[in-house]
Amino acid sequence: MTTIAPVAFRRTVELTIDGRAVTAREGATVLEACRAAGVEIPTLCYLETLTPVNVCRVCVVEVEGGRALVPACSRPVAAGMVVRTDSDRVRTSRRMVLELLASSVDLSTAAGDVHRWIGEYGARPERHGPSAPAAPTRPHAGHHAEPEVGSAATVVQPVKRDNNLYVRDYAKCILCYKCVEACGEDAQNTFAIAVAGRGFDAHISTELDVALPESACVYCGNCIGVCPTGALMFVTEHDLRATGDWDEDRQAVTRTVCPYCGVGCNLEVHVQDDRIVKVTSPLDHDVTSGNLCVKGRFGFAYVEASG
Amino acid sequence: MDLRTTGAPPDARERQAVDSVLGPPESGWAGGERTPGDGRAAAGGLARARRRRQVLLPALHALQDRVGWISLPALGYLCQRLDLAPAEAYGVASAYALFSFEPGPPVVVHVCDDVACRAACGGDPAAVLAARVGPAGSGATLTWQPSPCLGHCEHGSAALVLETGEPGARMTLAPFAAGDIERIRSLGGSLGGALDPDVLPAPRAIVPQAAGEGLRILRRVGRIDPASIDAYRAAGGYEALRRALQLGPAGVIGELKESKLLGRGGAAFPTGTKWEAVARNPARPHYFVANADESEPGTFKDRVLIDHDPYAVVEALTVAGLTTGAEQGFVYVRGEYPLAVARLEHAAAEARSRGLLGEDVMGSGLRFDLEVRRGAGAYIAGEETALFNSIEGRRPEPRNKPPYPVDRGLFDKPTGVNNVETLLSVLEVLTVGGGAYARLGTPESTGTRLFCLSGRVVRPGLYELEMGTTLRALLTMGGGVAGGRPLRAVLLGGAAGSFVGPDELDLPLSFEGVRAAGATLGSGVVVVLDDTVDVADIVRRVARFFRDESCGQCVPCRVGTQRQEEALGRLAAGRPLGSLDAELALLSDLDAVMRDASICGLGQTASSLVASALRRGLLSPAHGGPGAGPVADGRSAI
Ligand SMILES: Cc1cc2nc3c(=O)[nH]c(=O)nc-3n(C[C@H](O)[C@H](O)[C@H](O)COP(=O)(O)O)c2cc1C
Ligand code: SF4
Ligand code: SF4
Ligand code: SF4
Ligand code: FES
Ligand code: FES
């Protein structure tokens, strides 16, 4: 005989997180359940507004009965699941993910949390050796030259500055796929950029690496909005940083509505010394989820140019 | 989608290459001549674009084969035809080793420098070749490149020759000698007829066992004409399909379950259970894929089966399709196996003409057909979900699981996927019956298994043994270590395998037998390493392999394989950072994060062999570790 469970019962599940009984919405991810329970899980490639790609692996947790660790950001909760977020295995993997990234990527402009986690988990990027110089050419898939013995390969490469609106500094890229998702299926539907190459040489690229003005890019800047490391940056911010004049303490952020069309996108205008230095858009806005078009994102350049 | 492609038009050869796959463009919107009739009608939308995307890889192949590289205008034209963004198409193409993005010489020779050939040659074949004919990548009309295993390990050296043009040429030379480069160079220009792809070493050398010695799935190899469907049928071919049609899907699945057949592609999943899950899935359509991407270093079994018994692969996939309710099958063949592709396509065409594929298979009223797809140089495309992405025209990146392929596989539909050896074992199950099959081998590992014996052994080749046969028995059948030298270790399972020492030769070769010893059968790789082989060099080659073949999606594997290679390089050079202990701790941390936090099996096993070598002390100088250097004696095939 089958019993029909009441609807209310089917919509939540009971699980255990670090020894505590927790109730979560059916279909929620382990990450959501952990956050609701006040347990911090570091994340890098996860963003509420994008489809989880679960590639960075910094959010891994241990689920009893599983062979390998599982990514909290994309694994749905299940009834009776026993999750550990702070075991030795979890801490080792998170420490190593952070260490591998910090040893190969310039994280100097990455979000503050990243630096806090590097400290908290005890990552020691320096033990992989001093950084090797940039490779003269990008290796073809399946082939590479070993770096000089004793040095650690990195993704260091020249900054791409091929337009007046934003720069791409892929030496800062952790390959979180967020910009690709924002440019493609998850928001903009332009598909100007994609992950190219493979392995350690995988990178974000236009077709055959053509400059942005020759690509399909429409300068919506939605990729900049989701980039967690500052690899994608307004020219204004990039130049102020280069001269040492970027100072968030001197900036005021004003939330306003974009004046250009009738959609009503929310803008956050960042002003330093009476000058607009960048424009962001709140992720939690129910119409635009952080996305804008070229006018809202960069329209201030026209404003200043004409004014 | 805002489709924007570069304005420059493709040249005539590029256009012809793309059109050879896609047919002539229908209208100006698709890149043809604009006519007034084109008007401003939409060309079919997103759904059509999604369907067309699956011809991306065949079209890229056409460009590479005919033109020799993929230019921006060619990519733009292709994308216009497919309604695909050029950045995405480039992202896909650049993930494969066999596509180039700059013009090069018309002839490229890919020379294997992987583990089995290294062991057999007594050193690095690429280094020997560079000393003789000049460095890799140089040369105006012909160049050569080192390559991972080309799947001809039983010959101890191998090369894949690719000539651009129409018709062009693609063929394997095995065994390969440095002099072959000079021979090809002297041919200057068209190789087409000069190197006959059918000039293969006598099959007897590939399968050293005699007909009487219990051969089951190898029984036809080298003994019938692989191009003749009549020869196949005379040798018992298509009896299994007849039996399957009598039994019906439930009956076939019952036999498979009774046989306890486990998958031979690496994960040892019960085949009957997999087929049942696909068959029962209510979503439609279903697909079935034969995984012939075989790229695990030291593995050549699937190549031998396809090259010499292609009809068996076609028959087995037909049985799989009819049993699981799939009307469309795919054989995904490694891009470096030109002969296998040709033989399979020929076999499928013949089967179609005899009513054994198509609308009414063997008069049953049931429909099944198959398509052969060529890989393009990516080991990761053998992982089943990366394989689906590859067929679909996406980057060959493994997907997150669950969902599993039986629920959402190829084109997001229920999909069965089996290794070629598994599929041929299914024919054997149907031939002898599930119960009889289960009595072969051990209770847990039933049936027979193929072993790819290579390295420093007297009779390398493909062996078929009942599960549970000892490693010693296999080595004995192979004539023992070449030159009667002492055995140092056996590399068992492949790059993701482990080392077995001379003290462990009584290891039973069954799933449970090797598991108990902390090893794996993997893809049946058995590379014999004698006391002249530099084991540290073998381990470093494997580390380089994983570094080169990682798809790059997840951090543990993308950066971990790089760091692992660097650490081994420091150890080999005798220049540890900090202390030796610090290096060992670092390798152990890399092992932990790759094993525990990688997305797929590649990253999860990329440190297996390193860990195994460290456990056995095989990286110390006494075993060819730092300082021992390559050895000069032994046969040098190159
Ligand atoms: C990195 C990687 C590479 C693989 N390559 C192959 C391959 O070349 N051929 C194959 O049959 N299976 C390969 N597999 C295993 C497949 O994912 C899958 O398990 C197998 O095709 C299922 O077939 P089976 O049930 O007959 O073993 C690979 C797995 C991984 C993780
Ligand atoms: S600015 Fe907009 S269109 Fe351009 S790459 Fe970024 S997301 Fe894509
Ligand atoms: S550029 Fe930024 S958003 Fe894009 S993959 Fe790199 S780190 Fe992520
Ligand atoms: S483990 Fe390696 S091959 Fe597998 S998904 Fe991650 S990066 Fe790709
Ligand atoms: S945040 Fe979960 S894998 Fe990146
Ligand atoms: S062909 Fe050289 S190792 Fe396999």
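The structure displayed is predicted, hence computed values, not measured ones. (Residues numbered from 1 in each chain as written. Chains lettered and ligands numbered in written order. Predicted model: local features only at pLDDT ≥ 70, side-chain atom pairs only at ≥ 80, totals over all residues. Heavy atoms only, no water.)

Undergrad: Any chance you could break down the overall build of chain B for me, citing the residues and the numbers?
TA: Each helix and strand in chain B was counted, giving 25 helices and 13 strands. Total accessible area on chain B stands at roughly 21700 Å², and carbon and sulfur atoms take up 53% of it. (Helix = DSSP H or I, 4+ residues; strand = E, 2+ residues; numbered from the N terminus. Areas by Shrake-Rupley, 256 points an atom, 1.4 Å probe, with all protein chains shown as cover.)

Undergrad: An account of the overall build of chain A is requested, with residue identities and associated values reported.
TA: Scanning chain A for helices and strands turns up eight helices and twelve strands. Residue burial in chain A is summarised as follows: out of 307 residues, 55% are buried. Within chain A, counting contacts between residues at least 6 apart in sequence, those at least 24 apart form 54% of the total. Put simply, chain A shows about 13800 Å² of open surface, and 53% of that area lies on carbon and sulfur atoms. Here chain A contributes 30 positively and 38 negatively charged side chains, and the mean placements of these two sets differ by 5 Å. (Buried < 20%, exposed > 50% of the residue type's maximum accessible area, 1.4 Å probe, protein only. Contact = heavy atoms within 4.5 Å. Lys, Arg positive; Asp, Glu negative; His and termini not counted. Charge placed at Lys NZ, Arg CZ, Asp CG, Glu CD.)

Undergrad: Give me the interface of chain B and chain A: which residues, what numbers.
TA: In this assembly, 65 residues from chain B lie in contact with 65 residues from chain A. With both sides pooled, the region where chain B packs onto chain A buries about 5200 Å², and carbon together with sulfur makes up 53% of that total. Applying the counting rule to chain B against chain A returns six salt bridges. Residue glutamate 549 of chain B pairs with arginine 198 of chain A through a salt bridge whose shortest N-O separation is 3.1 Å. (Buried area = accessible area lost by both parts, 1.4 Å probe. Salt bridge = Lys/Arg side-chain N within 4 Å of Asp/Glu carboxyl O.)

Undergrad: I'd like a rundown of the sheet that holds strand β3 (residues 60-63) of chain A, residues and numbers included.
TA: All names here are of chain A. The five strands lie next to each other as β2-β1-β5-β3-β4, forming an open sheet whose pairing is mixed. Only two strands of the sheet have a single neighbouring strand rather than two, namely β2 (20-25) and β4 (70-71). As paired strands, strand β1 (residues 12-17) and strand β5 (residues 82-84) are joined by two bridges and run parallel to one another. Looking at β5, one finds that threonine 16 is bridged to valine 82. Along the sheet, helix α3 (residues 88-104) makes contact with β3 and β5, crossing β3 at roughly 160 degrees. (Pairing = 2+ DSSP bridges. Axes fitted to C-alpha atoms, helices over the stretch in contact; angles between N-to-C directions.)

Undergrad: Go over a nonpolar patch on the surface, please, and point to the residues and values.
TA: On the surface, a nonpolar cluster with roughly 230 Å² of combined accessible area is contributed by Leu580, Leu584 and Leu614 of chain B. One can find leucine 580 of chain B in helix α23 (residues 580-597). (Patch = residues over 30% accessible without salt bridge, like charges linked within 9 Å, V, L, I, M, F, W, Y side chains within 5 Å.)

Undergrad: Now, about the site of ligand 2: what can you tell me, with residues and values included?
TA: Near ligand 2 the following residues occur: Tyr166, Cys183, Thr190, Cys217, Val218, Tyr219, Cys220, Gly221 and Cys223 of chain A. Of the residues contributing to the shell around ligand 2, the split by class is seven nonpolar, two polar and no charged. (Near = heavy atom within 4 Å. Nonpolar A, V, L, I, M, F, W, Y, C, P; charged D, E, K, R; others polar.)

Undergrad: Summarise the site of ligand 1; cite the residues concerned and give the values.
TA: Residue and element names in this part refer to chain B. Around ligand 1, the surrounding shell holds 19 residues, and the nearest of these are Gly265, Lys274, Asn418, Asn419 and Thr422. The contact in question runs from an oxygen atom of ligand 1 to an N or O atom on the backbone of arginine 264, over 3.3 Å. Coverage of ligand 1 by the protein chains reaches 89% of its 610 Å² of free accessible surface. Mapped onto the shell around ligand 1, the elements with two or more residues apiece are β8 (415-419) and α24 (601-605). Among the elements that make up the shell around ligand 1, the one with the highest residue count is β8 (three residues). (Polar contact = N/O pair within 3.5 Å; in protein donor to acceptor, adjacent residues only side chain to side chain.)

Undergrad: Please give an account of the side chain of aspartate 114 of chain B that cites residues and values.
TA: Residues and elements named next belong to chain B. Here aspartate 114 shows up in the loop between β1 (107-112) and α6 (115-121). Although aspartate 114 lies buried, it forms no salt bridge, and the closest oppositely charged side chain, arginine 541, sits 4.0 Å away as judged by the N-O distance. In this structure the side chain of aspartate 114 is engaged in a polar contact, spanning 2.8 Å, whose partner is the backbone nitrogen of cysteine 149. In this view, aspartate 114 contacts Ser147, Pro148, Cys149, Pro297, Arg541 and Phe545; residues no more than four positions away in its chain are not counted.

Undergrad: Outline α3 of chain A, listing residues and values.
TA: For α3 of chain A, spanning 17 residues, the distance from its first C-alpha to its last is 24 Å, which sits close to the expected 24 Å at 1.5 Å a residue. Along α3 of chain A, 13 of the 17 residues are buried, which leaves the element largely enclosed by surrounding structure. (Expected span 1.5 Å × (residues − 1).)

Undergrad: So, the pairing of β1 of chain B: which residues are in play, and what are the values?
TA: All names here are of chain B. The element β1 is largely enclosed, with a buried count of six among its six residues. Two elements, β1 and strand β2 (residues 142-147), share six bridges in a ladder whose sense is parallel. Bridge pairing in β2 links histidine 110 to glutamine 145. Across five bridges, the pairing between β1 and strand β3 (residues 159-163) is antiparallel. If you follow valine 109 over to β3, its bridge partner there is valine 161.

Undergrad: Can you explain the domain arrangement of chain A? Please cite residues and give values.
TA: Residues and elements named next belong to chain A. Here chain A is described as being made up of domain 1 (10-127) and domain 2 (166-306). Using only C-alpha atoms to locate each centre, domain 1 and domain 2 end up separated by 27 Å. Counting residues at the interface gives 19 residues for domain 1, matched by 20 residues for domain 2. When the two sides are added together, the surface that domain 1 and domain 2 hide from each other amounts to roughly 1500 Å², 65% of it contributed by carbon and sulfur. Per-residue buried area on domain 1 facing domain 2 is highest for Thr49, Leu50 and Thr109; these three make up 33% of the total on that side. In this structure, the connection of domain 1 to domain 2 is made through zero salt bridges. Applying the counting rule to domain 1 against domain 2 returns seven residue pairs in polar contact (both at pLDDT 80 or more). Class assignment for the residues of the side of domain 1 that touches domain 2 results in twelve nonpolar, five polar and two charged. (Domains from an automatic or database assignment.)

Undergrad: Lay out the packing of helix α14 (residues 310-324) of chain B against helix α17 (residues 420-432) of chain B in plain terms, naming residues and giving numbers.
TA: Residues and elements named next belong to chain B. Close contact between α14 and α17 brings their axes to 9 Å; oriented N to C, the two are set at 75 degrees. In terms of orientation, α14 and α17 fall into the roughly perpendicular class. Residues Ala312, Val313, Glu315, Ala316, Val319 and Ala320 of α14 pack against Val420, Leu423, Leu424, Leu427 and Leu430 of α17. A per-class count over the contact of α14 with α17 returns ten nonpolar, no polar and one charged. (Parallel < 35°, antiparallel > 145°, perpendicular 65-115°, else oblique.)

Undergrad: Pulling in residues and values, what's your account of the pattern of salt bridges?
TA: Residue and element names in this part refer to chain B. The final tally for this structure, using the stated rule, is 66 salt bridges over all chains. Note that arginine 216 and glutamate 428 form a salt bridge whose closest N and O atoms lie 2.8 Å from each other. On the criterion of sequence distance, the pair formed by arginine 216 in the loop between α9 (203-206) and α10 (229-234) and glutamate 428 in helix α17 is long-range, its members being 212 residues apart. Arginine 595 serves as the salt-bridge partner of aspartate 591, at 3.1 Å between the closest nitrogen and oxygen. Separated by four residues within a single helix, aspartate 591 and arginine 595 lie in helix α23, roughly one turn from each other. By relative accessible area, arginine 595 is classed as partly exposed at 40%. One network of salt bridges, in which partners are shared, links Asp113, Arg118, Asp124, Asp537, Arg541 and Arg544.

Undergrad: Give me the lowdown on the nonpolar core, citing residues and values where you can.
TA: All names here are of chain B. By size, the foremost hydrophobic cluster in this structure holds 209 residues, and its most contacted members are Trp275 and Phe499. Tallying contributions element by element places α14 first for this core, with nine residues. Once you skip the residues sitting within four places of it in the chain, phenylalanine 499 turns out to touch Ala489, Val490, Leu491, Leu529, Val535, Val539, Leu609, Ser612, Ala613, Arg616 and Leu618. By size, the runner-up hydrophobic cluster in this structure holds 24 residues, among which are Leu453, Leu465, Met467 and Leu505. (Core = buried A, V, L, I, M, F, W, Y, C linked by side-chain atoms within 4.5 Å.)

Undergrad: Tell me what's going on with the domain arrangement of chain B, and back it up with residues and numbers.
TA: Residue and element names in this part refer to chain B. We note that the domain assignment places domain 1 (12-93), domain 2 (107-195), domain 3 (229-438), domain 4 (448-530) and domain 5 (535-623) within chain B. Using only C-alpha atoms to locate each centre, domain 2 and domain 5 end up separated by 29 Å. In this assembly, seven residues from domain 2 lie in contact with seven residues from domain 5. Of the roughly 570 Å² buried between domain 2 and domain 5 on both sides combined, carbon and sulfur atoms contribute 54%. The largest contributions to the domain 2 side of the interface with domain 5 come from Val115, Arg118 and Pro148, which together make up 68% of the buried area. Across the domain 2-domain 5 interface, the total number found is three salt bridges. Between arginine 541 and aspartate 113 there is a salt bridge, with its nearest N and O atoms 3.0 Å apart. Counting every contact that joins domain 2 to domain 5 gives three residue pairs in polar contact (both at pLDDT 80 or more).

Undergrad: Please give an account of the packing of aromatic side chains that cites residues and values.
TA: Here the structure, examined in full by the defined rule, presents twelve aromatic pairs over all chains. Here tyrosine 232 of chain B and tyrosine 238 of chain B contribute two aromatic rings whose centre-to-centre distance is 5.7 Å and whose plane-to-plane angle is 90 degrees, an arrangement assigned as edge-to-face. You'll find tyrosine 232 of chain B and tyrosine 238 of chain B in the same group, each marked buried. Aromatic ring contacts, followed pair by pair, group Tyr166, Tyr219, Phe234 and Phe298 of chain A into a single cluster. In this arrangement the basic side chain of arginine 15 of chain B is found over the ring face of tyrosine 77 of chain B, its NZ or CZ atom lying 4.7 Å from the centre. A cation sits over an aromatic face here: arginine 334 of chain B above tyrosine 337 of chain B, 5.5 Å from the ring centre. (Phe/Tyr/Trp six-rings, centres within 6.5 Å; stacked < 30°, edge-to-face > 60°. Lys NZ or Arg CZ within 6 Å of the ring centre and 35° of its normal.)

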